[in-house]
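Breakdown of the fold
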Amino acid sequence: MATQLPASEYRGRIEIVRQYLAETAADAAVWFDATAIEYVTGFAHIQTERPVALALTRDRIEITVPRLEVERVESNERIDAVHHYFDYPGGRPIETAAEMLDTLGVEGVVADSDGAPGVMGYDGPALSEFVDVETQSWVDRMLWEKTDAEIDCIRESARWANLGHRYLADYTEVGAHPATVSQRASTDASRAMLDTLGESYVERVRGSGPVHAGYISGEETALPHGHTPNEWLSEGDVLVTGASANVDGYHSELERTMFVGEPSDEQAHYFELMKEAQDTAIDALGPGVEIAYVDEQVQDFFREQGIVDLARHHVGHNIGLDGHEPPYVDRGWADADHVTDDDAEMQPGQVYTIEPGVYTEDAGYRHSDTIAITEDGIEWLTFFPRDIEANTIRT
């Protein structure tokens, strides 16, 4: 049972990025992206209009944060010094980061971007106004392949997602509201997870619990990113579910198409088409397989069935610290500008959601399973039943 990454994971990551840095003429590597900062140091924060800048040299790691983050980051044993500004816009975050670099004797950096991203109204100067900047995407690429320890966390996430999903099925009935069923399932699964893991659970959420389980229903399912409708469940409703759990920042993805009461012949037909499309994709997975090929196989199946017009998205995506990470299981993947020949194929350690969907005017049909690529095949990490009988709520 994995509840957090061992310290050796961070030591290994820091060693790798220092090796990358040594191959450049720069004095330091800098990151502004919250996921990258978490990946390198384990310091997790919410990316807002208040920039955070991490600097790594050949022998030190220092960070610039807004004042409200100082106490949270000071205890991080991998960070040697913390610099701060009061807030934005009254504070001067990039100038403070530049002063940090100056104290480190840095004149040139390789950074994940030339300054902080413009989110939530932030609009600050470029870092290159203060030091020489070249860009790098080292961590972006390192995220693709997970170590055994990372996959252990995703596997644990899938276990608790499965419990949350089981509660969803148990609490669903005609006359219930999808919003309150989702809240109840999430709360009860989170309580069970926290009670079971106790002090070994690593705090990663604010206010909400570590498990999220919910669904959309009715005509909203015809929209891949539909909203929870403000209507009570009725006999014959289609549900598209989603469940995940946060384990030291790592996530899995479990989705199912379910029915309230006996599905109609039309609903059963589209369910089976969706499931066969997912089977087609999963059968194509494996180390050395071209990523685009998997999506092409599903598109060929849709074409054979005459339902290409009912597809709304590609087959899936990598998952880990972020809900969506590259590589994307998309037939255009190999032709993307940043993709090299070596990156066009699936590699051991990559973890994918496999979720081709079928969407009619009335309803949507989508399963999603989280599957790891191994040295000799694949490993299913999610495990809730996929057949139509197991996903029918008897009323």
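Here the structure is a predicted model, which means the values were calculated and not measured.

**Some words on the pairing of strand β8 (residues 238-245)**
- Within β8, eight of the eight residues are buried, leaving the element largely enclosed by the surrounding structure.
- Of the two faces of β8, the one carrying Val238, Val240, Gly242 and Ser244 and the one carrying Leu239, Thr241, Ala243 and Ala245 are both buried.
- As judged from the seven bridges shared by strand β7 (residues 211-217) and β8, these two strands associate in the antiparallel manner. Within the sheet, the bridge partner assigned to Val211 lies in β8 and is Ala245.

**Concerning the UniProt feature "domain: Peptidase M24" (unreviewed entry) in the protein chain**
- The feature "domain: Peptidase M24" (unreviewed entry), as annotated in UniProt, sits at residues 153-375 in this numbering.
- Secondary structure within residues 153-375 divides into 33% helix and 19% strand; the distance between the first and last C-alpha atoms comes to 19 Å.

**A word on helix α4 (residues 93-103)**
- When you tally the buried positions in α4, you get eight out of eleven residues, the bulk of the element.
- For α4, every residue scored as buried is listed here: Pro93, Ile94, Glu95, Thr96, Ala97, Ala98, Met100 and Leu101.
- Buried residues in α4 make contact with β1 (28-31), β2 (53-56), β3 (61-66), β4 (81-85) and β5 (108-111).
- Trailing α4 by a residue or two, Gly105 shows a phi angle of about 75°, which is positive.

**With respect to the packing of aromatic side chains**
- Summed over all chains, the structure comprises nine aromatic pairs.
- Considering the side-chain rings of Tyr270 and Tyr365, the 5.8 Å spacing of their centres and the 35° angle between planes classify their relative orientation as tilted. Here the residue Tyr270 occupies a position in helix α8 (residues 265-284), and Tyr365 occupies one in strand β14 (residues 364-366), the gap between them amounting to 95 residues.
- Of the residues examined, Tyr365 reaches a relative accessible area of 2% and is grouped as buried.
- The rings of Phe259, Tyr270, Phe271 and Tyr365 are connected pair by pair, giving a single aromatic cluster.
- The cationic tip of Arg13 hangs over the ring face of Tyr10; the distance from NZ or CZ to the ring centre is 5.1 Å.
- Just above the ring of Tyr39 sits the side chain of Arg13; from NZ or CZ to the centre is 3.8 Å.

Rules behind the numbers
Residues numbered from 1 in each chain as written. Predicted model: local features only at pLDDT ≥ 70, side-chain atom pairs only at ≥ 80, totals over all residues. Heavy atoms only, no water. Buried < 20%, exposed > 50% of the residue type's maximum accessible area, 1.4 Å probe, protein only. Helix = DSSP H or I, 4+ residues; strand = E, 2+ residues; numbered from the N terminus. Pairing = 2+ DSSP bridges. UniProt positions renumbered as here; feature names shortened; annotations may be inferred. Contact = heavy atoms within 4.5 Å. Phe/Tyr/Trp six-rings, centres within 6.5 Å; stacked < 30°, edge-to-face > 60°. Lys NZ or Arg CZ within 6 Å of the ring centre and 35° of its normal.

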